[in-house]
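The primary structure of each chain is shown beneath.
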Amino acid sequence: MEIPKNYDPKITEDKWYAYWLEHKFFKSTPDEREPYTIVIPPPNVTGVLHMGHMLNNTIQDVLIRMKRMQGFNACWVPGTDHASIATEAKVVALLKEKGIKKTDLSREDFLKHAWEWKEKYGGIILKQLEKLGASCDWDRTRFTMEDDLSEAVIDVFIDLHAKGQIYRGVRMVNWDPQGLTAVSDEEVIHKEVNSKLYYVKYKIEGDNDEYITIATTRPETILGDTAVCVHPEDERYKHLKGKRVIIPMVNRAVPVIFDDYIDIEFGTGALKVTPAHDINDYNLGVKHNLEVIDTIAADGKMSPAAQFYVGEDRFAVRKKIAKDLEELGQIVKIEDIKNKVGYSERTDAVIEPRLSMQWFLKMDQVSKPALENVLNGEIKLIPEKFVNTYKHWMENVHDWCISRQLWWGQQIPAWYDSKGNTAVCKTKEEAFEKLRVKNSELKVEDIKQDEDVLDTWFSSWLWPISVFDGFKNPKGKDIEYYYPTNDLVTAPEILFFWVARMIIAGYEYRGAKPFTNVYLTGIVRDKQGRKMSKSLGNSPDPIELIEKYGADGVRVGMLLCSPAGNDLPFDESMCEQGRNFSNKIWNAFRLINGWEIDANAKQSESNKISVEWFDAKFNEQLNLIDDLYSKYRMSEALMTTYKLVWDDFCAWYLEMIKPEFVDGKSLPIDKATYDATIVFFERLLKVLHPFMPFITEEIWHLIKEREAKDCIIVAEWPKAKAGSTGIVKDFEIVMEVITNIRNIRKQKNISPKEKLQVFEKVNQGEAIKTYDSIIVKLCNLTSFEYVNQKVDGAISFVLKHAEFYVPLLQNIDVAAEKERLAKDLEYNKGFLKSVEIKLSNEKFVANAKPELIANEKKKLADAEAKIKAIEEQLIGLKN
RNA sequence: GGGAGCUUAGCUCAGCUGGUUCAGAGCAUCUGCCUUACAAGCAGAGGGUCACUGGUUCGAACCCAGUAGUUCCCACCA
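Model, not experiment: these values are computed from the prediction.

Analysis parameters
- Within every chain, residues take consecutive numbers counted from 1 along the sequence as written.
- Here every chain gets a letter starting at A, and every ligand a number starting at 1, in the order they are written.
- Restriction of local features to residues with pLDDT of at least 70 applies here, the model being predicted, together with a cutoff of 80 or more for giving and counting side-chain atom pairs; totals for whole chains, interfaces and linings are based on all residues.
- Based on all heavy atoms of the structure, the side-chain values leave hydrogens and waters out of the count.
- Buried residues of nine kinds, namely Ala, Val, Leu, Ile, Met, Phe, Trp, Tyr and Cys, make up a nonpolar core once their side-chain atoms join them within 4.5 Å.
- Residue exposure (1.4 Å probe, protein chains only): buried if accessible area is under 20% of the type maximum, exposed if over 50%, otherwise partly exposed.
- Only DSSP runs of H or I with at least four residues qualify as helices, and only runs of E with at least two residues qualify as strands; both kinds are numbered from the N terminus onward.
- Two residues qualify as a contact provided that any one of their heavy atoms is within 4.5 Å of a heavy atom in the partner residue.
- Polar contacts here mean pairs of N or O atoms no more than 3.5 Å apart (in protein, one a potential hydrogen donor and the other a potential acceptor; neighbouring residues in sequence count only if both atoms are side-chain atoms).
- Here a residue is considered near a molecule or strand provided that any single heavy atom belonging to it is located within 4 Å of it.
- Within this document, salt bridges are pairs made up of a side-chain nitrogen of Lys or Arg and a carboxyl oxygen of Asp or Glu, the two lying within 4 Å of each other.
- Note on pairing: DSSP must find at least two bridges between two strands before they are called paired.
- Note on definitions: angles span 0 to 180 degrees between N-to-C directions of axes, and those axes are lines fitted to C-alpha atoms, for helices only across the stretch in contact.

*Asks:* Could you clarify how one ought to interpret the nonpolar core in this entry?
*Replies:* One recurring pattern in soluble globular proteins: nonpolar side chains tend to sit buried together. The biggest cluster of nonpolar side chains holds 192 residues, and the ones touching the most others in it are Tyr390, Phe458, Trp461, Ile585, Phe649 and Phe681. The greatest single-element share of this core, amounting to 13 residues, is contributed by helix H20 (residues 634-657). Ignoring sequence-local partners within four residues, the contact set of Phe649 consists of Ile592, Phe614, Leu644, Leu654, Thr677, Phe680, Phe681 and Leu684. Counting residues in each nonpolar core, the second largest holds 29 residues, with Val200, Leu223, Ile247 and Val317 among its members.

If you want it as structure tokens, here you go:
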């Protein structure tokens, strides 16, 4: 069978993915094994795969595959999030295209459209995850708005309300005038923008000439002003006590109030107070009992209460009113200023602080165990630096606004009668029973359910419990077996949105953490360091990348540069490196596969030692890889694996044992070496599998026929032995000798085909001849011999223990050789000197550990010997 | 405004409890090779005042202080 020179992922990837699915390797059910569980951070149901998902899910897949091979009952639960505001926005936009206005639809009709949309387009992203090789248990796929999960959300709401943790009230909230809903503090993104600071004169009541000048960035809110506030200690304004000022245009007289909230230094030290449209002003209003005039409507346009500009957008009005005030002569000056403005995370609209009736979850109590158990290490954040951020947030957390003025989501289970009584319960019937107690004339028809839905995060915070039906069936087999899950892999951006809240819910509803380790990935950026985003169009399509480089190639590319918590400056060349690596592995297979076996041939000394060496080397590196995994140092685990395969296995081991080529034909290989090589290759494939699932499975089956149950995906992870590394150390010297000889060849421009001869003069200890045959082979030598004297007419080099001579046919450039040796000599003398200084330092000898001193002494002796050898060679060259 | 982190080769990063001339890896670069597994490759080489300044120490990339630059998080200064 002809095997192509280049690995083609297109042929293998879909085939193996289908095979794994068919044989249910991703499936997990509780059994006697120890579970290893990951719940996916559910992507938005509207989402399409982007590079962030790619990274995040690759890491999860690597972890889950490794644990699966290590014998755990690995369970990776997939699913999607209903993403209320994002999805609703999308559906609204789509309807608009069809000429349908949301406001013309009933709630039911709208939801019908939304569900239709979800069924049609939702979950594309899960299909895309398959392309990357994600080994999720697809039978467990959940959706945050499916019946069971919604029910859990409702039950939790009712429960927390019963516990007094949820309350309803009119508060200043972050209002998204585009999404037409309240959002939580976490959904507001503050950005610095260039603004103008307007200085506006307000007339003092009863005095025709006196004015007070206030400074504001939001002149459009002037119409809603109900006071002017100054600092009680401010000498400039003390005389205004008890006075009133006239609001321009509307000519309303409002009081001058005094509060030490004011910063005397800012602007004029006088603040206009608009309780309806600013959180600080609102607080002042409450304190000083001020009137609230709501001049901006929900859609961000001026309301009738404003009297002017009614129906016009607040930003248009800002410009207009500035002009109008200017004409009235009430603008003193306008300054440029930088200030921070809040934007909606979802719609990017400028957030308006707005008074409205909302539901809130009290955070002070429930957050306590969640903080404690991160601080005490019960839950680990990786990297650790996030613990600080987490702590700070948890200690300063505000109550969580959980109601949203949307339809797509779980409708709040609160019921009202016409008299303002409220019942929180599951059904209208229950509500009727409850409300009737307070209102005996109540009819069922008069009961209305709260129009609002709950924040999406109010359902996703239950995810690790609800995906195992932990609410429906708290003693169920699944929840008892899989919970707490092991690792959570997610982006630091949603540490508060989601991670912190899952921890809260975990302790509240299971009395236990939801997961043990939280691995926070970096943010994928482009080469210029910009965050990848749809609007910038700087994000490559992961699916296209997969087509180009193969899933294995892209996985490797992503992981090569992704230390935990650090941003990942993505560059397509990384994937190229990944693809090249696939090809390297492929060709290693081609080489081995092409060998003929001679069952009768005796294993050569050099093959025997090669096998011994690689066995030891593999074991050493496996220990390292296991250790790196345990520390979640994925990037380094991959790099270590990469070098083990490429350098140690391919560049060294395979070259060492590769049969000679005679008469246009490769000689056969002895069976012992061949068998060992296959074992090594299989072990390497296993270690590679979590990173590169497809190519490893493909080669695994090409090596030999195997039954389904023996797929590499479920093969046993190699076990590292404690073992000695003596041979590995010895071999490092051999490698150095070989590199030196190759270097001479290169420098002297000697063709690799030309055979050389090498002599070794041992200066220290005895000659270790074990590896000589390997040197002969890898350097293409006629012989490697031992001598007692210098060899003339040869290029030489000196290692710690011995001198090496490579006689050349051509004349030796004595001057150049001298220079080279002189340089070497100088270096070694410098080294010697540094060691001598160290050893003659009394304090060093007195303070340093004895082993260290012994080591220094050995270095001294080695250096001296080496210097002597070089010097002798220099003398020799003079002839 | 508060807090946290980062700064090591052209790029992306390692560097554990201070101790091997401790300065390392991969990629990129340069040189020579189309050598029957692989040019998506092989062999070799060159790259760094460890941000800066001072301190502690026998000894500092590592510990301490300050400075500069940078990133992130939090926060209601109009």
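Anyway, onward from the coordinates.
*Asks:* Please clarify how the side chain of Asp487 should be interpreted in this entry.
*Replies:* Relative to the helices and strands, Asp487 resides in strand S22 (residues 485-490). Of note is the side chain of Asp487, whose polar atom sits 3.0 Å from the side chain of Asn517. A polar contact of 2.8 Å, which involves the side chain of Asp487, links it to the side chain of Tyr632. Not counting residues within four places of it along the chain, the set of residues in contact with Asp487 comprises Tyr36, Thr37, Ile38, Val39, Leu63, Asn517 and Tyr632.

*Asks:* When you look at the environment of Glu445 in this model, what are you seeing that I'm missing?
*Replies:* With respect to the helices and strands, Glu445 occurs in the loop between helix H11 (428-438) and strand S20 (448-449). Separated by 77 residues in the primary sequence, Glu445 and Lys368 place their C-alpha atoms 42 Å from one another.

*Asks:* Quick question: what am I supposed to make of the protein's contact with RNA strand B here?
*Replies:* With respect to spatial proximity, 61 residues lie near RNA strand B, and among them Phe266, Asn280, Asn587, Asn841 and Lys859 are the closest. A distance of 3.0 Å separates a sugar or linking oxygen of RNA strand B from a polar atom in the side chain of Asn580. A distance of 2.7 Å is found between a sugar or linking oxygen of RNA strand B and a side-chain nitrogen or oxygen belonging to Arg590. With 9 residues, helix H18 (residues 572-593) is the largest single contributor of residues to the surface near RNA strand B.

*Asks:* Please clarify how the pattern of salt bridges should be interpreted in this entry.
*Replies:* Any two side chains of opposite charge can pair, so long as their charged atoms come close to each other. For the coordinates displayed, the defined rule picks out 62 salt bridges. Notably, a salt bridge pairs Asp675 with Lys671, separated by 2.8 Å at the nearest N-O pair. One end of the pair is Asp675 and the other is Lys671, both in helix H21 (residues 671-688) and 4 residues apart, which spans about a single turn. A residue is classified by how much of its surface remains accessible, and Asp675, at 33% relative accessible area, is partly exposed. On the accessibility criterion, Lys671 (39% relative accessible area) is partly exposed. Here Arg820 makes a salt bridge to Glu817, at a shortest N to O gap of 2.6 Å. Remark: Glu817 and Arg820 occur in helix H25 (residues 814-840); sequence separation between them is 3 residues, near one turn of the helix. Overall, the relative accessible area of 28% leaves Arg820 in the partly exposed class. One network of salt bridges, in which partners are shared, links Arg218, Glu220, Asp313, Arg314, Arg318 and Glu352.

*Asks:* Where do I start with the sheet that holds strand S18 (residues 414-416) in this structure?
*Replies:* Here 3 strands make up an open sheet; going across it, the order is S19-S18-S20 and the pairing antiparallel. One side of each edge strand has no neighbouring strand; the edge strands of this open sheet are strand S19 (422-424) and S20. Bridging between S18 and S20 involves 2 bridges; their strand directions are antiparallel. When the sheet's bridge partners are listed, Tyr416 is paired in S20 with Lys448. This element, H11, spans S18 and S19 of the sheet and lies at about 140° to S19.

In short, the description is geometric, and any link to function would need to be established separately.
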